[in-house]
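Structure assessment
Below, each chain spelled out in residue letters.
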Amino acid sequence: MAKILKSLCAAALLALGAVSPLEAAVVVSSKLSSESAMLGQMIRLLLEARGIPTVDRLRIGATSVVRQALLAGEIDLYVEYTGNAGLLFFNDIANPAWKDLEQGYELGSRLDYAANRIVWLTPARASNAWALAVRGDVAQANYVRTMSDFGRWVAGGGDVMLICSAEFANAGALRSLERTYGFTLRPSQLIVLAGGETAATIAAAAAGTSGANTAMVYGTDGGIAAAHPQIAAIVKPLMESFDPETLQQLNARVQINGESDEAVAVDYLKSKGLLR
């Protein structure tokens, strides 16, 4: 497994001034992935438990869809990954700050507030970097243990079929890996999905669906202020409770065990004393 964009730290993004005090319901949204939806459910449930009415608009689309909805005032809050500020929002991917959890968060939050009046709430201390996972039997047969091994395998004509999201394929992440490790995947070696649901990419590579043997995965396989100024304080202990291992375990319950993201969210919040 090889990682890229090492400081994709989850943070809840909150649009200021999106609703008036008379329109008190907070529209909580998420991307298509199970992790995004699960975290969105946790935030929505916490707000409801603290007396803040919410509207559930989870799983509405890929990053570009959710981001545009936030900018347009159609949603109020969702969980994002800090590295996307450099990769997608501000065209600043070369800045080394995105490789550091604290610096990436500070830079992204400052840029987004200045440009869009969007506030980044407390970040989770968990990297959710993109990674590549090669099916075990294929990796063993071709001596692939590191990303450098993977690059040599592909460059040497290795029979690679990667299943990944459109965002991964088109937003620069794959190109960055290719430049760094000296390989190029042909379009015929890519199966590109519209969403970023890693449960789908992992299952396809494991089963060899359409010849897939390599999957895009994540390292952990986030006016309103005037209406509800307490939101930041409500979300803070939740985001601070996460670490990579915790998110991996929670994701496994949804992606592998088949539990609903809401059931996992409720159980986790209760286990942490955040929800009665």
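Residues numbered from 1 in each chain as written. Predicted model: local features only at pLDDT ≥ 70, side-chain atom pairs only at ≥ 80, totals over all residues. Heavy atoms only, no water.

Some details on the packing of helix H1 (residues 34–49) against helix H13 (residues 261–271)
It is the contact of H1 with H13, at a shortest axis distance of 8 Å, that shows an interaxial angle of 55 degrees. Classified by the interaxial angle, the pair formed by H1 and H13 is oblique. Note on packing geometry: the crossing formed by H1 with H13 is right-handed. On the side of H1, the interface is formed by Ala37, Met38, Gln41, Met42, Arg44, Leu45 and Leu46, while H13 contributes Asp261, Glu262, Val264, Ala265, Val266, Tyr268 and Leu269. Each residue belonging to the contact of H1 with H13 can be placed in one class, and the counts come to ten nonpolar, one polar and three charged. (Axes fitted to C-alpha atoms, helices over the stretch in contact; angles between N-to-C directions. Helix = DSSP H or I, 4+ residues; strand = E, 2+ residues; numbered from the N terminus. Parallel < 35°, antiparallel > 145°, perpendicular 65-115°, else oblique. Left-handed = near helix turned anticlockwise from the far one by under 90°. Contact = heavy atoms within 4.5 Å. Nonpolar A, V, L, I, M, F, W, Y, C, P; charged D, E, K, R; others polar.)

Quick word on the pairing of strand S3 (residues 26–31)
Consecutive side chains of a regular strand alternate in pointing toward one face of the sheet and then the other. Among the six residues of S3, six are classified as buried, and the element is accordingly described as predominantly covered. Neither face of S3 is left uncovered, since the one carrying Val26, Val28 and Ser30 and the one carrying Val27, Ser29 and Lys31 both have all their residues buried. Here five bridges tie S3 to strand S4 (residues 54–61), and the two strands are oriented parallel to one another. Within S4, the position partnered with Val28 by the bridge is Asp56. Handedness of the crossover joining S3 and S4 through H1 is recorded here as right-handed. (Buried < 20%, exposed > 50% of the residue type's maximum accessible area, 1.4 Å probe, protein only. Pairing = 2+ DSSP bridges. Right-handed = clockwise from strand over helix to strand, strands pointing away.)

Structural notes on the pattern of salt bridges
A complete count under the given rule lists eleven salt bridges for this structure. Glu262 is the salt-bridge partner of Arg44, the closest N and O atoms lying 3.6 Å from each other. The residue Arg59 makes a salt bridge to Asp261 at a minimum N-O spacing of 3.0 Å. Among the charged side chains, a salt-bridge network with shared partners connects Arg44, Asp56 and Glu262. (Salt bridge = Lys/Arg side-chain N within 4 Å of Asp/Glu carboxyl O.)

Concerning the side chain of Ser165
As for its placement among the helices and strands, Ser165 is situated in strand S8 (residues 162–165). Here Phe168 takes part through its backbone nitrogen, which lies 3.0 Å from a polar atom of the side chain of Ser165. (Polar contact = N/O pair within 3.5 Å; in protein donor to acceptor, adjacent residues only side chain to side chain.)

Honestly, it's all geometry; don't read function into it.
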